[in-house]
Amino acid sequence: MIPATFEYKRASSADEAISLISQYGDEAKFLAGGHSLIPLMKLRLAQPTMLVDIGRVKDLSYIKDAGDHIAIGALTRHMDVEKSPVLSKHVPLLAHAAGYVGDAQVRHRGTIGGSIAHADPASDLTATTLALGATYVAQGPNGKREIAAKDFYKGFLESALAADEMLVEIKVPKMNGAGWSFQKFNRRAVDWAIVGVAAWRNNGASGVALVNMGSTPVLAGAVSSALAKGASVADAAAHAADDAEPQADLNASVEYRTHLAKVLVRRALEQASK
Amino acid sequence: MSITQERANSIIGQRMLRREDPALLTGEAKFTNDLVLPGALHLAVLRSPYAHARIKSINVSDALAMPGVVAVYTGKDLRDAWAAPMPCAWPVTPDMKNPAHFPLALDKVCYVGDGVVAVLANSETESRDALDAIDVVYEPLQAITDLEVALSDKTIIHEDLGTNKSYTWNLKVEATEGAVDEAFKNAAFTVRERYVQQRLIPMAMEPRAVAAVPQPFGGDITLYSATQVPHILKVMTAITLGIPEHQVRVVAPAVGGGFGSKLDVYAEELLCVALARKHGAPVRWVEERSENTQATIHGRGQIQFVELAADKDGKLTAVRVRLIGDMGAYLQLVTPGVPLLGAFLYAGVYDLPLAYDFSCTSVFTTMTPTDAYRGAGRPEATYAIEVAMDALARKMKVDPYELRKRNYIKKEQFPYTAFSGLTYDSGDHLAAAEKAMSHADYAAVRKKQATQNVAGARKRLGIGMTSYFEMCGLAPSRVLASLNYGAGGWESATVRVLPTSKVQVVTGTSPHGQGHETSWAMIASEKLGIPPEDIDVLHSDTAIAPLGLDTYGSRSLAVGGVAIAGACDKVIDKARLIAAHQLECAAEDLEFVQGTFSVKGSPDKAVPIAAIAFAAFTAHNLPDGVEPNLEAQYTHDPKNFSWPFGTHICILEIDTETGKIEVLKYIAVDDCGNQINPLIVEGQVHGGVVQGIAQALYEEAVYDSDGNLKTSNLAEYLVPAACDVPPITTDFTVTPSPTNQLGVKGVGEAGTIGSASTVMNAVLDALSGLGVTKLDMPASPNNVWKAIQAAQGGN
């Protein structure tokens, strides 16, 4: 479990980090909590030659009430998201979902920005922020830009971030008392979800996203459309996998995964409708 | 009555905290990889990415040019380093096929993970980096991962053997010829089942680690290894490398678990020794976790065909078993013997007439070699008979406990000579089962089940049980001889009372988590009347404890602990002669109670063992013919295996929509005879039960059809964590073994032996109402859901 040789630089600000990453190009990677990148490096599946450590960029760790949304700094640790009173009040679905990430050690090291930038379809937080209609703020050499969560995930571990861009903030709309549910189905408590569902409902509106049901986190638009047209929870849930292209793995066949998505979406909507 | 009640003043039976734990918990314990060895070279092994391939060429020139690289060796470079191939100590039949197996492959690789090239470098990182610079050209050949395909010999893995079949071993016992066939013909009920014992990957907390250090004095070489078997390793290292045995010293420092996987002689141990001698420098190696999944042995790996015949009351009249054993690519130390360890247990705890027909054929495949894994053959056997008993109960429409009660060997039948000729020393199956049933509140749970498991129920309740026998305390040497095993089964102990009355207990067992230092001190304390804190236990170093056969097969207490008691007896006998001399009485007039000799009837005429120890040391006034010093060595060769037993019960719920299983309650009632330290006993049961639950619900080494291991890390290979296992209720009955003076039986494997079948019986109990009566392990949610779908006619 020894990674290939790499160089290491620590950035003290976002600007410095971006300037370093621009300097070293494609072979460089940002290192935040390290809980996605380091395991890949240890298995030598990832072999970046330069790591730009942004772990001590302090001004990127925050959770702020910004009126209609909550602004979360990209380096905020999962544990801080989970325990945040602001999020518990205004975006309880996200705080709750953060409590399902890995185990306590992972939640104390891993960051919400790292998880989203890694763009893992099996991540709990990519799908949750997608369901919530979050906006991600990226910063590059030419300043900041906003990317809607639904436009962010481009493929397996691929995001809309340019190589010299860094995710700096996650803006999550307040839930305004919407009913919600997070369903994570796995075999062991600390595993990635075999299938997960993040869902909320508020009057006619809803958001449903699926964990690990394709190469990216999946917005189950067909479910929300059906609900908007007045479909029952059970009928809407039957459309759970319409927008998904699930893969088979050791834990689930495509057929089983599809079935699970329907069951879990139904259960999520039942809970969100209470 | 528990042992603590029985002997209120006794050390034995107390819940003493383990003396090993402070060092382990604070990180002070020194494991092999913690040893500081200045100037050591680091070994890394390039492993085959192919399951089966011919090596066409190997180019190491780029690797040799890498920074820090000292040497690079191929299998051919080192061919002359080996005086003999790697050892298999258990040629189970005279015609068993055993391919020559060397630490590095010569012309062919036969599994993913097979060692191909060894690199020595100045650091671990440099040796690892150099592996990426080695160019090996392979000609891939057909992988064989299916046992039945292997048997067909369409592709032969070891061409010189001419077949993939290693051996066929039979155990047929009939009162009269044809008794088994006759019983099946006349049976009121029969079942025929096929079970798959999936391969499991042992996951010791500490992966393997080795350091070989040439000695400036006191012998040629010291081999430090994370091993369960320093004594066996010493002999085998000497033989394999052609080094005189007295010049090899093997030390097992703190060892972090083994479960059988460190009961072996591995390529890396031999490579480190060979290269340390060649380079005149220490050579060390530590296993990566993903290497551990490929290059350390796997466990289980059997297909079982089990047939039971029963009369109209469900009384068993015959058992027939056909096994296919997956040896993997090569035979490791005891690989071929594993199915034999189960061969005697396919009638379980039941009173079977002489109508037993067992046959095992073992085959080579292109997968990691298998070998002993906690329970070794016995969990597999117990699974087969116990899951088949439930199948029989379903067929007969009787309660599975009722069926077992009709078949248990009864208390008054012990000692019981089984069909196999083995004698079960003692037991009371009904008592253990009744106790378990009472913890489970069996009747109430059955009642709840009847209400809950209605058509359309989302969650179905299941109750499963197992009553087991664990053949352990390996082993009587004469019995091992009859099984063609290449060594004995004795264990040695030396007890040395030092001049100041402190004690050294030297044991041939080699603990790697079992707490022997605590338990052995308790035994010696009980015998000698000296406080346990004054007793040191020395072990796992062949220079300090030269005689021993190490730790595996639930043998350490039942053989090694009994040896300590025997050595204490010899010490006391000698001390008695000296005491009699001092007290001017006859030796037989002395009694020895709590560390003091006194004349029977005159308690004031007494001398403590401390005084005797000093007198033995000064030797100023010893009786004629008595040698100075108070020390004795004793070797215990058990008269019989020991036969722990018990009943386990599992209560679980299955979500029929998702197939997910939640174990609600797990009850283990075990009888391991007298208990030395109940705290350690409970810990052993907990760990064993979790390993069995893991086999039933989580773990499986998955290979694809090209022979790639898909579960080669801990994200894919699902070892359950503490939060994934249910609360476990442990309770005990105590039926002392009559075959050793401590009345002990051993408990290392009991939990594992009883648990996988218990869980699977509960799973099938929950699902049989839906028509699911067969399910392979692990009962993953996907597998359970698929089985329900299939039974319900799809959709």
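Residue numbers restart at each chain and count upward from 1, following the sequence in its written direction. A letter from A marks each chain and a number from 1 marks each ligand, given out in the order of writing. Where totals are concerned, whole chains, interfaces and linings use all residues; where local detail is concerned, this predicted model gives features only for residues with pLDDT of at least 70, and gives and counts side-chain atom pairs only at 80 or more. Only hydrogens and water are removed before side-chain values are computed, so all heavy atoms of the structure are retained for them.

**Quick notes on the overall build of chain A**
Strands are runs of DSSP state E lasting at least two residues, helices are runs of H or I lasting at least four, and both sets are numbered from the N terminus onward. When its secondary structure is counted, chain A shows twelve helices and 14 strands. Here the radius of gyration uses the C-alpha set of atoms, whereas the globule reference equals 2.2 Å times the residue count to the power 0.38. Here the C-alpha radius of gyration of chain A, 18 Å, is about what a compact globule of 274 residues would show, namely 19 Å. Viewed in the frame of its principal axes, chain A has a C-alpha envelope of about 55 × 45 × 30 Å. Any pair of residues with heavy atoms lying within 4.5 Å of one another is described as a contacting pair. Considering only residue pairs separated by 6 or more positions, chain A has 61% of its internal contacts joining residues 24 or more positions apart.

**Overview of the nonpolar core**
Residues and elements named next belong to chain B. Counting residues in each nonpolar core, the largest one holds 176 residues, and the members touching the most others are Leu43, Trp169, Leu308, Phe358 and Leu652. Where each domain begins and ends follows an automated or database-derived domain assignment. No fewer than three residues from each of domain 1 (32–141 + 205–257 + 262–295) and domain 2 (372–472 + 641–791) sit in this core. Beyond its immediate stretch of four places on either side in the chain, leucine 43 contacts Ala118, Val119, Leu120, Ser127, Glu268, Leu271, Cys272, Leu275, Val283, Arg284 and Trp285. Each nonpolar core is a collection of buried residues, namely Ala, Val, Leu, Ile, Met, Phe, Trp, Tyr and Cys, held together in the definition by side-chain atoms within 4.5 Å. Buried, partly exposed and exposed residues are distinguished by accessible area as a fraction of the type maximum, computed with a 1.4 Å probe on protein chains only: under 20%, between the cut-offs, and over 50%, respectively. Counting residues in each nonpolar core, the second largest holds 47 residues, with Trp520, Ile535, Leu590 and Val744 among its members.

**Focus: the pattern of salt bridges**
A side-chain nitrogen of Lys or Arg and a carboxyl oxygen of Asp or Glu constitute a salt bridge if their distance falls within 4 Å. Within this structure, the stated rule accounts for 56 salt bridges over all chains. Between A:Arg257 and A:Asp249 there is a salt bridge, with its nearest N and O atoms 2.8 Å apart. A salt bridge links A:Arg267 to B:Asp655; its shortest N-O distance comes to 2.8 Å. Highlighted residues: A:Arg267 in helix α12 (residues 254–272) and B:Asp655 in strand β26 (residues 645–655), drawn from two different chains. In terms of burial, A:Arg267 and B:Asp655 fall into one category: buried.

**With respect to the packing of α12(A) against helix α21 (residues 781–791) of chain B**
The geometry of α12(A) relative to α21(B) is characterised by a closest axis approach of 11 Å and an angle of 90 degrees between their N-to-C directions. As judged from the angle between their axes, α12(A) and α21(B) are roughly perpendicular. Counted together, A:Glu255, A:Tyr256 and A:His259 of α12(A) and B:Pro781, B:Asn782 and B:Trp785 of α21(B) form the full contact between these two elements. Residue type decides the class: Asp, Glu, Lys and Arg count as charged, Ala, Val, Leu, Ile, Met, Phe, Trp, Tyr, Cys and Pro as nonpolar, and the leftover types, Gly among them, as polar. Residue composition of the contact of α12(A) with α21(B), grouped by class: three nonpolar, two polar and one charged. Angles here are taken between N-to-C directions and fall from 0 to 180 degrees, while the axes themselves are lines fitted to C-alpha atoms, restricted in helices to the stretch in contact. Each angle is binned into one of four classes, with values under 35 degrees roughly parallel, values over 145 roughly antiparallel, values of 65 to 115 roughly perpendicular, and all other values oblique.

**What to know about the sheet that holds strand β13 (residues 205–211) of chain A**
Residues and elements named next belong to chain A. A pair of strands is considered paired only if DSSP assigns at least 2 bridges between the two. Spatially, β11-β12-β13-β14 is the arrangement adopted by the four strands of the open sheet, whose pairing is antiparallel. Since the sheet does not close on itself, it has two edges, and those belong to β11 (179–185) and β14 (218–219), each with one partner. Note: β13 against β14, two bridges, orientation antiparallel. Pairing of leucine 210 across the sheet is with valine 218, part of β14. Contacts from helix α10 (residues 221–228) reach β12 (195–202), β13 and β14 within the one sheet, and its direction differs from that of β13 by about 155 degrees.

**Considerations on the sheet that holds strand β24 (residues 602–608) of chain B**
Residues and elements named next belong to chain B. Read from one edge of the open sheet, three strands run β22-β23-β24, paired in antiparallel fashion. The open sheet is flanked by β22 (590–593) and β24, the only strands paired with a single partner. For this sheet, the mean angle separating the axes of adjacent strands, direction not counted, is 30 degrees. Bridge count for β22 against strand β23 (residues 596–599) is four bridges, and the pairing is antiparallel. In the strand pairing of β23, phenylalanine 592 is matched with phenylalanine 597. Here helix α17 (residues 556–583) sits on the sheet in contact with β22, β23 and β24, set at roughly 125 degrees to β22.

**Re the domain arrangement of chain A**
Residue and element names in this part refer to chain A. Taken domain by domain, chain A comprises domain 1 (7–53), domain 2 (58–172) and domain 3 (185–272). Placing the centre of domain 2 and that of domain 3 at their C-alpha centroids yields a distance of 20 Å. Contacts between the two partners involve 19 residues from domain 2, matched on the other side by 19 residues from domain 3. Two parts placed together each lose some accessible area under a 1.4 Å probe, and adding up what both lose gives the buried area. Summed over both sides, the interface of domain 2 with domain 3 buries roughly 1,400 Å², with 70% coming from carbon and sulfur. Looking at the side of domain 2 facing domain 3, the largest losses of area belong to Pro121, Ala122 and Ala131, adding up to 36% of the total buried there. Linking domain 2 with domain 3 are zero salt bridges, by the criterion used here.

**Section: the domain arrangement of chain B**
All names here are of chain B. According to the domain assignment, chain B contains domain 1 (32–141 + 205–257 + 262–295), domain 2 (372–472 + 641–791) and domain 3 (490–636). Computed over C-alpha atoms, the centres of domain 2 and domain 3 are 40 Å apart. Counting residues at the interface gives 17 residues for domain 2, matched by 16 residues for domain 3. Here domain 2 packs against domain 3, burying approximately 1,200 Å² in sum over the two surfaces, 65% of which is carbon and sulfur. The interface formed by domain 2 and domain 3 contains zero salt bridges. Polar contact criterion, stated in full: a pair of N or O atoms within 3.5 Å, where within protein one must be able to donate a hydrogen and the other to accept it, and residues adjacent in sequence count only if both atoms are side-chain atoms. Counting every contact that joins domain 2 to domain 3 gives four residue pairs in polar contact (both at pLDDT 80 or more). Here the side of domain 2 that touches domain 3 is built from residues that sort into six nonpolar, seven polar and four charged.

**Considering the side chain of B:Thr656**
Residue and element names in this part refer to chain B. Along the chain, threonine 656 turns up in the loop between β26 and β27 (661–671). For threonine 656, a relative accessible area of 15% translates into the label buried. There is a polar contact of 3.2 Å between the side chain of threonine 656 and the backbone oxygen of alanine 457. Apart from residues lying up to four places away in sequence, threonine 656 is in contact with Ala457, Arg458, Arg460, Leu770, Trp785 and Ile788.

**Topic: the interface of chain B and chain A**
Tallying the contact residues gives 33 residues for chain B and 25 residues for chain A. For the pair chain B and chain A, the summed buried surface comes to about 2,400 Å²; carbon and sulfur atoms form 53% of the total. Its largest share of buried area at the contact with chain A, chain B owes to B:Leu718, B:Asn782 and B:Trp785, together 22% of the area lost on that side. Where chain B packs against chain A, one counts five salt bridges. Two residues, B:Asp132 and A:Arg44, come together in a salt bridge whose shortest N-O distance is 2.8 Å. Our count for the contact surface shared by chain B and chain A stands at 15 residue pairs in polar contact (both at pLDDT 80 or more). For the side of chain B that touches chain A, the secondary-structure elements that each account for two or more residues are α4 (124–131), α9 (289–295) and α21 of chain B. Looking at the side of chain B that touches chain A, the element that brings in the most residues is α4(B), giving four residues. Per-class residue counts for the side of chain B that touches chain A are 13 nonpolar, seven polar and 13 charged.

**Here we look at a positive patch on the surface**
To count toward a patch, a residue needs a relative accessible area above 30% and no salt bridge. Like charges then connect within 9 Å, nonpolar side chains (Val, Leu, Ile, Met, Phe, Trp, Tyr) within 5 Å. Accessible surface is estimated by sampling points in the Shrake-Rupley manner with a 1.4 Å probe; for residues, cover comes only from the protein chains shown. Within this scheme the basic residues Lys and Arg register as positive and the acidic residues Asp and Glu register as negative, but His and the chain ends are omitted. By convention, charge coordinates are those of NZ in Lys, CZ in Arg, CG in Asp, or CD in Glu. On the surface, a cluster of positive charge is made up of A:Arg10, A:Arg56, A:Lys58 and A:Arg109. Of note, A:Lys58 is situated in the loop between β3 (50–53) and β4 (63–65).

**Comments concerning the pairing of strand β28 (residues 728–732) of chain B**
In regular strands, side chains alternate between the two faces of the sheet. All names here are of chain B. Across five bridges, β27 lies against β28 in parallel orientation. The residue of β28 that forms the bridge with valine 669 is aspartate 731. Note on the crossover from β27 through helix α19 (residues 678–697) to β28: the handedness is right-handed. Seen with its strands pointing away from the viewer, a crossover is right-handed if its path from the first strand over the helix to the second goes clockwise.

**A word on the packing of aromatic side chains**
Residue and element names in this part refer to chain B. Two aromatic rings from Phe, Tyr or Trp, using only the six-membered ring of Trp, form a pair when their centres are within 6.5 Å; if the ring planes differ by under 30 degrees the pair is stacked, by over 60 it is edge-to-face, and anything between is tilted. Tallying each qualifying case throughout the model produces 24 aromatic pairs over all chains. Here tyrosine 111 and tyrosine 330 contribute two aromatic rings whose centre-to-centre distance is 6.2 Å and whose plane-to-plane angle is 75 degrees, an arrangement assigned as edge-to-face. On the criterion of sequence distance, the pair formed by tyrosine 111 in the loop between β4 (108–109) and β5 (115–121) and tyrosine 330 in the loop between β14 (316–328) and α10 (338–343) is long-range, its members being 219 residues apart. Tyrosine 330 gets classed as buried once you look at its relative accessible area, which sits at 6%.

**Some words on α17(B)**
All names here are of chain B. Take the number of residues in a helix, subtract one, and multiply by 1.5 Å to get its expected span. Taking 1.5 Å per residue as the helical rise, α17 with its 28 residues ought to reach 40 Å, and the 38 Å between its terminal C-alpha atoms agrees with that figure. In terms of burial, α17 is a largely internal element, 21 of the 28 residues being buried. Glutamate 584 sits one or two positions beyond α17 and adopts a positive phi of about 55 degrees.

**So, a nonpolar patch on the surface**
Residue and element names in this part refer to chain A. The grouping of Met1, Leu43 and Leu45 at the surface amounts to a nonpolar patch, some 270 Å² of accessible area in total. Here leucine 43 shows up in the loop between α2 (37–42) and β3. Of the residues examined, leucine 43 reaches a relative accessible area of 33% and is grouped as partly exposed.

**Some thoughts on unusual backbone geometry**
Between B:Phe414 and the following residue, B:Pro415, the backbone shows a cis peptide bond with an omega angle of -10 degrees. Tracing the sequence through the fold places B:Pro415 in the loop between α12 (400–407) and β16 (416–417). Phi at A:Asn212 is positive, roughly 65 degrees, even though this residue is not glycine. Within the secondary structure layout, A:Asn212 lies in the loop between β13 and β14. With a phi close to 55 degrees, B:Asp441 is a non-glycine residue in the positive phi region.

**Points about the pairing of strand β2 (residues 53–59) of chain B**
Residues and elements named next belong to chain B. Inspection of the sheet shows β2 paired to β4 by two bridges, in the antiparallel sense. Along β4, the bridge assignment pairs arginine 54 with lysine 108. Where β2 lies against strand β6 (residues 135–140), six bridges are found, and the strand directions are antiparallel. Counted as the bridge partner of alanine 53 is proline 140 from β6.

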